[in-house]
Amino acid sequence: MKLNFKTPLMVGLLWVTATMSAQQQRPESVYDYNEAFGNNFYTKNGTDTRSASGQPGPKYWQNRADYVITASLNADKKEISGSEVVTYTNNSPDKLGFLWLNLDQNLFKKDSRGNAVIPLKGSRNGAKGQDFDGGFTIKSVKVVTTAGGKSSEKEAKFTITDTRMQVQLPQAMAAAGAVVKLKIDFSFVSPDYGSDRMGVLETKNGRIFTMAQWYPRMCVYDDVRGWNTLPYQGAGEFYLEYGDFDVTITTPANHIVVGSGELQNPAEVYTTEQMKRWNTAKNSESTVMIRTADEITSASSRPAGKSTLTWKFKIKNSRDFSWASSPAFIIDAARINLPSGKKSLAISAYPVESSGQDAWGRSTEYTKASIENYSKRWYEYPYPAATNVAGNEGGMEYPGIVFCGWESKGADLWGVTDHEFGHIWFPMIVGSNERLFAWMDEGFNTFINTLSSQDFNKGEYRQPNDDMQAAASMLMNPDMEPVMAAPDNLAEDNLGILAYYKPGSGLTMLRHILGEERFDFAFRTYIERWAFKHPQPDDFFRTMENVSGEDLGWLWRGWFYNNWMADQAIKKVRYEKNNPANGAIVSIATLEKLPMPVIVEYTTVSGKKGRMNLPVEIWKRNTNWTFKLPSTEELATITLDPEHIFPDINGENNVWSLKKDGITKTKDYSALTGNYSSELIPLKIVLGDEDGSLTLSAQGQPTIPLVDKDNGLFTFDQAELSIQFTEDKQGFVLTVGKQSFGYTKDK
């Protein structure tokens with residue numbers, strides 16, 4: 001299309017002056033639709049490893065770590081000693097001359113970086129004030145090789161820096177499939193409170209050890225950052241490779257041990273009677289007691305004749321292994337039914353202090369319901385057991401096992417159980433980088449928790465929908481960091497909002513915008529694409545857009561990458577031709593930087609209600625929008641977003657009422673509208689009637705709203721512009737500054 005930009009210099013200056021004058025006034029709205037909807041949200045194209053559509057690319061790769069671990073627990077000293085053989089497979093296209101491992105227990109060394117950043121007021125992170133100099137003792141690191149059927153071990157040079165250990169290989173690993181085995185002997189003394197993720201709880205029947213971050217773990221080498229070696233400071237969680245685990249744990253004989261995966265030798269560590277109960281539980285829809293409260297102090301509840309017992313566990317395709325051990329455990333279990341017809345097992349382990357039907361007596365019921373619900377909604381649970389352990393953690397998740405607060409009861413116990421088992425899907429199945437992007441597991445999990453709580457036991461613990469308008473000032477606090485900030489890079493007090501609540505509520509909003517069916521299909525597709533893989537934020541964003549068919553850059557920009565605010569407002573209401581029977585003309589505006597779809601509810605004076613939905617696209621090139629309601633009688637109220645589904649920092653301007661705000665009376669300017677020409681300058685002017693106001697425009701120039709001063713005089717004061725109509729309304733005099741030009745209406 002050809003555009004004609006030829007305009008006399010004087011006329012060009014006229015319109016520039018008008019535009020500049022308008023801009024110099026502080027606008028009521030700070031919204032910029034080009035900023036919100038502009039192109040190039042994605043700063044890089046798809047690659048061979050990560051497709052532009054959000055799925056793994058044709059040459060996607062990730063490395064693998066398989067573990068064989070033998071460990072023992074000295075319950076008196078709170079010491080774990082172990083030896084691990086990690087088989088590391090380099091599937092990357094790069095040679096690797098050294099390896100990095102996480103030594104997370106080093107957080108509890110007095111001189112750790114994590115301890116250094118704990119403020120004087122204290123923190124959830126660290127050892128909670130315990131006078132304790134913990135950390136790993138690495139006794140040896142060896143490279144294991146096999147030749148001619150014989151294995152040999154060679155000492156490897158290693159360097160420990162805070163919570164990381166670099167192992168230098170005697171020979172670089174080749175790309176695309178090379179394998180190396182490391183044997184590492186280690187030990188550590190457990191803190192009582194391990195950054196709210198592991199620890200030791202004292203009970204009247206003995207200590208409960210909840211063990212995590214307990215062995216040297218491989219760092220991830222990926223196609224985005226290479227080695228991911230950010231130190232563990234307590235707030236940022238974990239990013240781990242997948243593999244198989246074969247774990248053997250020796251404990252005092254009076255202990256019961258539960259762990260990730262499946263126990264391989266139950267007959268060696270449980271009594272004959274308990275084995276019968278286990279077999280009953282595997283086929284039971286309701287909770288079966290394996291070891292009761294009355295049996296805890298009975299020697300007959302443990303196999304006789306031994307001072308120690310060895311427990312053997314295996315779990316496949318897992319990113320971690322955790323376990324718990326105690327002489328104080330009550331144990332119960334029930335069958336979990338999975339969509340494919342497979343079965344798993346819900347298990348609970350807790351002390352007598354936690355027992356009772358108002359408390360941990362329902363833990364297995366909660367665990368079973370949570371796993372079955374998420375398996376049905378999103379992706380089938382992949383592990384042979386799901387174990388809930390009462391410990392001194394507020395709540396912490398690991399593959400196939402979670403640690404929840406021993407004092408939790410009722411709705412609180414349901415909530416923490418459901419949340420921690422929700423983490424099986426994020427990040428245990430979908431293996432995102434928690435150290436950098438906490439919202440990709442905590443936020444996603446918070447979102448799916450809202451749905452499961454509605455489903456459980458006919459809504460027993462159902463919570464009311466969030467009032468996003470009431471929460472708006474908290475969620476969009478301009479002094480707060482964005483969701484995309486890493487956990488170690490934001491104020492600790494803000495972590496709950498930015499990692500959990502805000503991203504979770506963002507997905508709830510998006511589900512409303514897309515509709516449940518479209519959203520759920522896209523979200524399931526994301527899980528299926530990235531199950532047991534390592535997605536980045538763009539992989540999620542691209543998948544949701546490609547599967548739903550929507551451009552959602554405005555939401556990603558405003559809600560995740562920035563901390564924009566939203567504010568919709570009703571500006572005025574009038575009736576078409578001043579007659580309620582013709583419908584109402586409503587003018588609205590978006591005043592802040594974050595656009596949102598519009599939900600309009602109106603009530604007539606007779607009590608009838610109506611509703612209209614406007615898509616977010618109305619804000620793609622507009623700050624103000626006018627639309628017609630299909631009402632046929634006088635209106636009493638109009639409300640934007642009556643259910644408070646979207647955040648809005650000023651709810652007062654969302655409501656119009658006849659009593660408070662009144663109807664705007666409009667004049668009929670149809671007799672004045674049309675095309676006008678001048679014999680003095682070759683500039684045609686068009687007068688129009690928009691939203692009950694007379695407007696002036698010229699070819700290729702913005703439209704100017706004119707103010708009616710009565711008696712045929714209309715002005716645009718910012719540019720010292722006025723038009724004065726002739727008596728017959730067939731012409732006018734245009735005055736700009738001190739220059740005047742006569743115009744007549746085209747025939």
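Cut-offs and rules
- Residues numbered from 1 in each chain as written.
- Predicted model: local features only at pLDDT ≥ 70, side-chain atom pairs only at ≥ 80, totals over all residues.
- Heavy atoms only, no water.
- Helix = DSSP H or I, 4+ residues; strand = E, 2+ residues; numbered from the N terminus.
- Buried < 20%, exposed > 50% of the residue type's maximum accessible area, 1.4 Å probe, protein only.
- Contact = heavy atoms within 4.5 Å.
- Areas by Shrake-Rupley, 256 points an atom, 1.4 Å probe, with all protein chains shown as cover.
- Pairing = 2+ DSSP bridges.
- Domains from an automatic or database assignment.
- Expected span 1.5 Å × (residues − 1).
- Bend = angle between axes of the 7 residues up to and from the residue.
- Core = buried A, V, L, I, M, F, W, Y, C linked by side-chain atoms within 4.5 Å.
- Phe/Tyr/Trp six-rings, centres within 6.5 Å; stacked < 30°, edge-to-face > 60°.
- UniProt positions renumbered as here; feature names shortened; annotations may be inferred.
- pLDDT = per-residue confidence, 0-100.
- Axes fitted to C-alpha atoms, helices over the stretch in contact; angles between N-to-C directions.
- Parallel < 35°, antiparallel > 145°, perpendicular 65-115°, else oblique.
- Left-handed = near helix turned anticlockwise from the far one by under 90°.
- Nonpolar A, V, L, I, M, F, W, Y, C, P; charged D, E, K, R; others polar.
- Salt bridge = Lys/Arg side-chain N within 4 Å of Asp/Glu carboxyl O.
- Polar contact = N/O pair within 3.5 Å; in protein donor to acceptor, adjacent residues only side chain to side chain.

Novice: Break down the overall build of the protein chain for me, with residues and values.
Specialist: When its secondary structure is counted, the protein chain shows 15 helices and 41 strands. Across its three principal axes, the protein chain shows a C-alpha extent of roughly 115 × 65 × 50 Å. Relative to its 747 residues, the protein chain shows a buried fraction of 56%. Counted over contacts in the protein chain with a minimum sequence separation of 6, partners at least 24 positions apart contribute 70%. As presented, the protein chain carries roughly 32100 Å² of accessible surface, and 49% of it is formed by carbon and sulfur atoms.

Novice: Tell me about the sheet that holds strand S3 (residues 96–102), and name the residues and values.
Specialist: Sheet strands associate in pairs through backbone hydrogen bonding, adopting either a parallel or an antiparallel arrangement. Spatial strand order, S6-S7-S3-S12: four strands in an open sheet with antiparallel pairing. With one partner strand each, in any of the chains shown, strand S6 (157–161) and strand S12 (217–218) form the two edges of the open sheet. Judged from the six bridges that link them, S3 and strand S7 (residues 164–173) form a sheet pairing that is antiparallel. Residue pairing in the sheet places Asn102 in a bridge with Arg164 of S7.

Novice: Go over the domain arrangement of the protein chain, please, and point to the residues and values.
Specialist: Segmentation of the protein chain into domains returns domain 1 (568–661) and domain 2 (670–745). Using C-alpha coordinates to define each centre, domain 1 is positioned 30 Å away from domain 2.

Novice: Report on helix H11 (residues 495–514), specifying residues and quantitative values.
Specialist: With 20 residues, H11 extends 28 Å from end C-alpha to end C-alpha; this agrees with the ideal 28 Å at 1.5 Å per step. At Tyr501, H11 is deflected by roughly 30°, the largest bend along its length, and proline Pro503 occurs up to four residues later in sequence. Taken from the residues just after H11, Gly515 is the one with a positive phi, measuring 95°.

Novice: Tell me what's going on with the sheet that holds strand S11 (residues 206–211), and back it up with residues and numbers.
Specialist: In space, the five strands of this open sheet follow the order S9-S10-S11-S20-S16, with antiparallel pairing throughout. Edge positions in the sheet fall to strand S9 (193–194) and strand S16 (256–259), since each has one partner strand and no second.

Novice: Tell me about the nonpolar core, and name the residues and values.
Specialist: Formed by 192 residues in total, the largest nonpolar core has its most connected members in Trp214, Phe523 and Phe540. No other element matches the eight residues that H11 contributes to this core. Apart from residues lying up to four places away in sequence, Phe523 is in contact with Trp378, Phe426, Phe444, Phe447, Ile448, Leu507, Phe540 and Met544. Ile681, Ala698, Ile704 and Phe716 belong to the second-largest nonpolar core, a separate cluster that totals 23 residues.

Novice: Tell me what's going on with the packing of aromatic side chains, and back it up with residues and numbers.
Specialist: All chains considered together, the criterion is met by 61 aromatic pairs. Plain terms: the ring middles of Tyr67 and Tyr215 are 5.3 Å apart, the flat faces sit at 75° to each other, and that makes the pair edge-to-face. Placement of Tyr67 in strand S1 (residues 64–74) and of Tyr215 in the loop between S11 and S12 is noted, with a sequence separation of 148 residues between them. Residue classification places Tyr67 among the buried positions, given a relative accessible area of 4%. Ring centres of Phe426 and Phe523 lie 5.6 Å apart, and the angle between their planes is 40°; on these two criteria the pair is classed as tilted.

Novice: Describe the UniProt feature "domain: Peptidase M1 membrane alanine aminopeptidase" (unreviewed entry) in the protein chain, with residues and values.
Specialist: UniProt's feature table lists "domain: Peptidase M1 membrane alanine aminopeptidase" (unreviewed entry) at residues 412–559, given in the numbering used throughout. Between the end C-alpha atoms of residues 412–559 there is a gap of 29 Å, over a span that is 63% helix and 0% strand.

Novice: For helix H12 (residues 516–530), give the residues involved together with the corresponding values.
Specialist: An α-helical segment advances 3.6 residues per turn. Residues three or four places apart therefore align on the same side. In a regular helix each residue adds 1.5 Å, so 15 residues correspond to 21 Å; H12 covers 21 Å between its end C-alpha atoms and thus fits that length. Of the positions making up H12, those classed as buried are Phe519, Asp520, Ala522, Phe523, Thr525, Tyr526, Ile527, Arg529 and Trp530. Next to the buried residues of H12 lie helix H6 (363–377), helix H8 (424–429), helix H9 (442–455), H11 and helix H13 (537–548). Positive backbone phi, approximately 65°, marks Phe532, located one or two places after H12.

Novice: Can you explain the confidence of the model for the protein chain? Please cite residues and give values.
Specialist: Per-chain confidence: the protein chain averages 94 in pLDDT, with 96% of residues scoring 70 or above. The model gives residues 1–26 a pLDDT under 50, and that stretch makes 25 contacts with residues more than four places away or in other chains.

Novice: An account of the packing of H11 against helix H14 (residues 553–561) is needed here, citing residue identities and associated values.
Specialist: Packed helices, taken two at a time, are described by the angle their axes make and the gap between the axes. The N-to-C vectors of H11 and H14 enclose an angle of 160°; their axes lie 11 Å apart at closest approach. The pairing of H11 with H14 is recorded here as roughly antiparallel in orientation. Remark: the crossing between H11 and H14 carries right-handed chirality. Contacts between H11 and H14 involve Lys502, Pro503, Ser505, Gly506, Met509, Leu510 and Ile513 on the former and, on the latter, Trp554, Leu555, Trp556, Trp559 and Phe560. Residues of the contact of H11 with H14, tallied by class, amount to nine nonpolar, two polar and one charged.

Novice: Hey, could you go over the pairing of strand S5 (residues 150–155) for me, with residue numbers and the actual values?
Specialist: Within S5, only zero of the six residues are buried, which leaves it mostly out in the open. Bridge count between strand S4 (residues 137–147) and S5: six bridges; the pairing is antiparallel. Within S5, the position partnered with Thr145 by the bridge is Ser152. The turn linking S4 back onto S5 is made up of two residues, and Gly148 within it adopts a positive phi angle of 65°.

Novice: Please set out the packing of H9 against H11 residue by residue, giving values where relevant.
Specialist: The geometry of H9 relative to H11 is characterised by a closest axis approach of 7 Å and an angle of 55° between their N-to-C directions. Overall, the two elements H9 and H11 adopt an arrangement that is oblique. With respect to the hand of their crossing, H9 and H11 are arranged in right-handed fashion. Listed contacts from H11 to Glu442, Gly443, Phe444, Thr446, Phe447, Thr450 and Leu451 of H9 are Ala499, Tyr500, Pro503, Gly504, Leu507, Thr508 and Arg511. Residues that form the contact of H9 with H11 fall into these classes: seven nonpolar, five polar and two charged.

Novice: Go over the pattern of salt bridges, please, and point to the residues and values.
Specialist: A full pass over the atoms with the stated rule returns 39 salt bridges. With its nearest N and O atoms 3.9 Å apart, the salt bridge here joins Lys316 to Asp244. Within this pair, whereas Lys316 is found in strand S19 (residues 308–318), its partner Asp244 is found in strand S15 (residues 243–252), the two being separated by 72 residues in sequence. Ionic pairing is found between Arg335 and Glu285, a salt bridge with its closest N-O pair at 2.5 Å. Here the residue Arg335 occupies a position in strand S21 (residues 330–337), and Glu285 occupies one in the loop between helix H5 (272–281) and strand S18 (288–291), the gap between them amounting to 50 residues. Via salt bridges that share partners, Arg64, Asp66, Asp244 and Lys316 belong to a single interconnected network.

Novice: Run through the side chain of Ser375, naming residues and quoting values.
Specialist: Looking at the secondary structure, you find Ser375 in helix H6. Reaching out from Ser375, the side chain makes a polar contact with the backbone nitrogen of Tyr381 at a distance of 3.1 Å. Look past the residues within four positions of Ser375 in its chain and what remains in contact with it is Leu338, Pro339, Glu380, Tyr381 and Trp425.

Novice: So what's going on with the environment of Ser453? Which residues, and what values?
Specialist: Following the sequence through the fold, Ser453 ends up in helix H9. Residue classification places Ser453 among the buried residues on the basis of a relative accessible area of 13%. For the pair Ser453 and Ala531, spaced 78 residues apart in sequence, the C-alpha to C-alpha distance is 24 Å. Contacts of Ser453, omitting those with residues within four sequence positions, involve Trp414, Asp418, Gly459, Tyr461 and Arg462.

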